[in-house]
Amino acid sequence: MKQKRNLLVVIVIFVVLVCACQMEVSRPDSTPEPIYIDGTPYTSPMDIIEQFAKQTAVAQTETANPYYSSPVYATQMPDTTEILFVDLSDGRRAAFSLAELSGLPEKTIVAAGRELTGISLTTILEASGLGAGDSIQTVSVSGFGSVTLLKSKIDDSFIFLVTGGSLKLVSPSLPQSAWLDGVALITLR
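A short tour of the structure in this document, coming up. As the structure is a prediction and not an experimental result, all values here were calculated from the model. All residue numbers refer to positions counted from 1 along the written sequence of the respective chain. Note on the predicted model: pLDDT of at least 70 is required for a residue's local features to be given, and 80 or more for side-chain atom pairs to be given and counted; whole-chain, interface and lining totals, by contrast, use all residues. Working from all heavy atoms in the structure, the side-chain values ignore hydrogens and water.

We now examine the sheet that holds strand β3 (residues 82–87). Spatially, five strands are ordered β4-β3-β12-β7-β8 in an open sheet, and the strand pairing comes out mixed. Each having just a single partner strand, β4 (93–97) and β8 (145–150) make up the two edges of the open sheet. Across this sheet, the average inter-strand angle for adjacent strands is 15 degrees, counted without regard to direction. Paired strands, in this sense, are two strands between which DSSP finds at least two bridges. By the criteria applied, helices consist of DSSP H or I runs no shorter than four residues and strands consist of E runs no shorter than two, each listed in order from the N terminus. In terms of strand pairing, β3 meets strand β12 (residues 185–188) through three bridges, oriented parallel. The partner of D87 across the bridge, within β12, is T187. The axes used here are C-alpha line fits, helices contributing only the stretch in contact, and every angle between their N-to-C directions lies in the interval 0 to 180 degrees.

Before going further, it helps to spend a moment on the pairing of strand β7 (residues 138–143). One ladder, built from six bridges, connects β7 with β8; its direction is antiparallel. The residue of β8 that forms the bridge with V141 is V147. Count of turn residues in the β7/β8 antiparallel hairpin: one residue. Relative to β12, β7 is paired through four bridges, and the arrangement is antiparallel. Note that in β12 the partner of S142 across the bridge is L185.

Fair warning: the whole summary comes from geometry, so function is off the table for now.
Given below as structure tokens:
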């Protein structure tokens, strides 16, 4: 009986040692995979945060419009990503990327005492495939908030400012509090 107990103790100790060795072998390497920022590898989380903060600060100070803009981040989306959709009254949907929008003609207006340059709403509607004979009554613009405009009231004074990959609808016809940030959808009815 005593030999069986001793044998059992030896087996248990052996199993514990084998399990401990396997756990040690299967433990992942504690060195994290580096994150590359501008081609430089970073492994320390604080170094990564510091470098990203520097890039963001540079992007905001060099390219952001100080009056009317969303923050410009160093890691912007590609210019080919669709950022604006126009739902036409016949069920079709037109989509515009930042590159496509920047290829459209710009218009300069004066609003809130400043000259602002952007793409007019009428230019975007024409580029979306809206025919001259289409019977549109209202145009709804949605972003961080929304505004519905009568088609008869829309002219070239409604423009979209392109700021950091985001669109802002501005117009001297609207109170400044009704200007829309983050415009992503225009719906025609």
